[in-house]
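# Structure assessment
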Amino acid sequence: FCSVERNTIILALNQLGKVLVSLGENQAWRDNSLGVTQEEYERFEYIIARQFALNGWFTQDSVRNALKAIGNDLTTEKLTAWTDQYQFVKEPKRVGVIMAGNIPLVGFHDFLCVLLSGHKITAKMSSDDKTLLPEIVSLLIQYAPELEERITLSDGRIGEIDAVIATGSNNSMGYFDSYFGKYPHIFRKNRTSI
C-alpha cells in the first residue's frame, strides 16, 4: 500500500464527501459536478427516505446528520493530515468488521480505517442498517474502481479473515469471543450516552 494508492483513495473519499454533504444538507441535484448522475443522486435520496421504515430510529434528520458529519470529515486535507501520521502495512490483511446498527452508519469509521490502512474489508452489516453503506460503497467504487476488489459487504457470514473489529451488545461479546477470539481483534460492547 503505497502513498500513491492512498492518495487515489483519499481523492475518491473527498469526492464522496461532497456528495454526502450535499445529501446531508438535503440539497437537490444540480449537475454532474458532484460526480453522480441525477438518477444516482435520486436513488440515494430514496434510500434516505426509506430508512425510517427499515429502522424506526433512523429518521431522515438523523440519517442526513450522519451523512453530513461523515462528508465533512472526508476532505483531502483532513484525510491526508490523519494518514500522514502512520506507517502502513505492505501486505494487506483481510479484516472483518461486524457493524452495529443503532446509529446510521455507525460502522463507517471502522470501514474507513481498514480501507485507508491498506487492508481488505469484509463488512458484516447490521440488519438495522444495511442499505446506506452499500450505496456509499457503490459511489466510492465509481470514483476509485480499484477498491472493488478490496471491499466485501455481507448480510451473513464474513468468511475468511485475518483480524476482526466487532461492535455489539454486552450479550454478543461471548459470541464474538468464541467465534473470533483467536484472531487479532477489537471488540466493543455497550456504551451509554444521552
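Please read all numbers here as calculations on a predicted model, not as lab measurements.

Cut-offs and rules
- Residues numbered from 1 in each chain as written.
- Predicted model: local features only at pLDDT ≥ 70, side-chain atom pairs only at ≥ 80, totals over all residues.
- Heavy atoms only, no water.
- Helix = DSSP H or I, 4+ residues; strand = E, 2+ residues; numbered from the N terminus.
- Buried < 20%, exposed > 50% of the residue type's maximum accessible area, 1.4 Å probe, protein only.
- Pairing = 2+ DSSP bridges.
- Right-handed = clockwise from strand over helix to strand, strands pointing away.

### Let's talk about unusual backbone geometry
- At Asn26, a residue that is not glycine, the phi angle is positive and equals roughly 60 degrees.
- With respect to the helices and strands, the residue Asn26 is situated in the loop between helix H1 (3-24) and helix H2 (38-54).
- The phi torsion at Leu105 lies on the positive side, around 60 degrees, for a residue other than glycine.
- You can see Leu105 is positioned in the loop between strand S1 (94-98) and helix H5 (108-116).
- Using a relative accessible area of 7% as the deciding quantity, one classes Leu105 as buried.

### Observations concerning the pairing of strand S3 (residues 151-154)
- Where strand S2 (residues 120-124) meets S3, four bridges bridge the pair, whose relative direction is parallel. What sits directly across from Ala123, in S3, is Leu153.
- Tracing the backbone out of S2, into helix H6 (residues 132-143) and back to the parallel element S3 gives a crossover that is right-handed.

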